[in-house]
Amino acid sequence: MDSFSSSPSMGSSSSSGVSTEALMDQIKTQLAQAYAQEFLETVGNKCFAKCVTKPGTSLSGSESSCISRCVDRYIEATGIIGRALFSSPR
Amino acid sequence: MDASSLDKARLQSLLEEEKRKAMANEMVAKITDVCWDKCITGSIGSSFSRGEASCLSNCAKRFAEVSMLTIQRFKSTE
């Protein structure tokens, strides 16, 4: 996820008075939130499938630590995919 | 150009950039979803094996290649 970039100069205002920077900040925040929500849902689904094979009356210790590892691995996988697609080719 | 046209043009180009970033993130998310299923078949460890890591990387590149090929093929049938 990218960080905000802000221009050092004063913002320009549209005729309605909302600055371009303020609008862009709002848009970037909403995009980041939507992305995070979708990401968490995907990771939850994947890790439930991987780690909870026979749901019991509570999560066991090994299921819990599997979930933790799984979240880490999925984040790592996202990085691997991102670099495979967007880093400079061989 | 008057001030408000400049504003609109600048906003337009900022929005275009955010759109490109969002589309790139979406593509990475979708491919990670697919390649996770293809490559991470065993139990989850505290790190990826080298086989798993290279499978993920290969999978991403092959997926992108297939996407392009399907578009080309489709276009050639029009």
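Residues numbered from 1 in each chain as written. Chains lettered and ligands numbered in written order. Predicted model: local features only at pLDDT ≥ 70, side-chain atom pairs only at ≥ 80, totals over all residues. Heavy atoms only, no water.

**Student:** What exactly am I supposed to notice about the pattern of salt bridges here?
**Tutor:** Two side chains carrying opposite charge are able to pair once their charged atoms lie near each other. Evaluated as defined, the whole model comprises seven salt bridges over all chains. Among the salt bridges present, the one from E21 of chain A reaches R10 of chain B, with a minimum N-O distance of 2.6 Å. Here R10 of chain B lies in helix 1 (residues 3-39) and E21 of chain A lies in helix 1 (residues 20-51), a pairing that spans two chains. The buried category is assigned to E21 of chain A, whose relative accessible area is 18%. Note on R10 of chain B: relative accessible area 31%, which makes it partly exposed. Between E17 of chain B and K21 of chain B there is a salt bridge, with its nearest N and O atoms 3.7 Å apart. Taken together, the residues E17 of chain B and K21 of chain B, both in helix 1 and four residues apart, mark about one turn of the helix. Relative accessible area serves as the criterion here: at 35%, E17 of chain B is assigned to the partly exposed category. Overlapping salt bridges bring together K46 of chain A together with D33 and D37 of chain B as one network. (Salt bridge = Lys/Arg side-chain N within 4 Å of Asp/Glu carboxyl O. Helix = DSSP H or I, 4+ residues; strand = E, 2+ residues; numbered from the N terminus. Buried < 20%, exposed > 50% of the residue type's maximum accessible area, 1.4 Å probe, protein only.)

**Student:** Help me understand the interface of chain B and chain A, please; the structure alone is not making it clear to me.
**Tutor:** The figure often quoted for interface size is the accessible area lost as the parts come together. Across the contact, 34 residues belong to chain B and 31 residues belong to chain A. Carbon and sulfur atoms make up 67% of the surface buried where chain B meets chain A, a total of about 2,900 Å² over both sides. For the chain B face of the interface with chain A, the top three residues by lost area are E18, W36 and I44 of chain B, together amounting to 21%. Between the two partners, chain B and chain A, sit three salt bridges. For K46 of chain A, the salt bridge is made with D33 of chain B, and the minimal N-O distance between the two is 2.7 Å. Linking chain B with chain A are ten residue pairs in polar contact (both at pLDDT 80 or more). Going through the elements one at a time, helix 1 and helix 2 (50-76) of chain B are the ones with two or more residues in the side of chain B that touches chain A. The greatest single-element share of the side of chain B that touches chain A, amounting to 20 residues, is contributed by helix 1 of chain B. (Contact = heavy atoms within 4.5 Å. Buried area = accessible area lost by both parts, 1.4 Å probe. Polar contact = N/O pair within 3.5 Å; in protein donor to acceptor, adjacent residues only side chain to side chain.)

**Student:** Before we go on, may I ask you to explain the state of the cysteines in this structure?
**Tutor:** The full count for this structure, using the stated rule, is four disulfides over all chains. With its sulfur 1.9 Å from that of its partner, C47 of chain A forms a disulfide with C70 of chain A. Judged by the sign of its S-S torsion, about -85°, the cystine formed by C47 of chain A and C70 of chain A is left-handed. Of this pair, C47 of chain A sits in helix 1 while C70 of chain A sits in helix 2 (residues 61-86), and the two are 23 residues apart along the sequence. The residues C47 of chain A and C70 of chain A share a single accessibility class, namely buried. The partner cysteine of C39 of chain B in its disulfide is C55 of chain B, sulfur to sulfur 2.0 Å. Residues C39 of chain B and C55 of chain B are joined through a disulfide that is left-handed, its torsion about the S-S bond being -75°. With a gap of 16 residues between them, C39 of chain B in helix 1 and C55 of chain B in helix 2 connect regions that are remote in the sequence. Relative accessible area serves as the criterion here: at 6%, C39 of chain B is assigned to the buried category. Taking the relative accessible area as the measure of exposure, C55 of chain B reaches 28% and is therefore partly exposed. In chain B, the bonded cysteines, numbered by position in the sequence, are linked as 1-4, 2-3. Take the cysteines of chain A that form disulfides and number them in order along the sequence; they join up as 1-4, 2-3. (Disulfide = S-S within 2.5 Å.)

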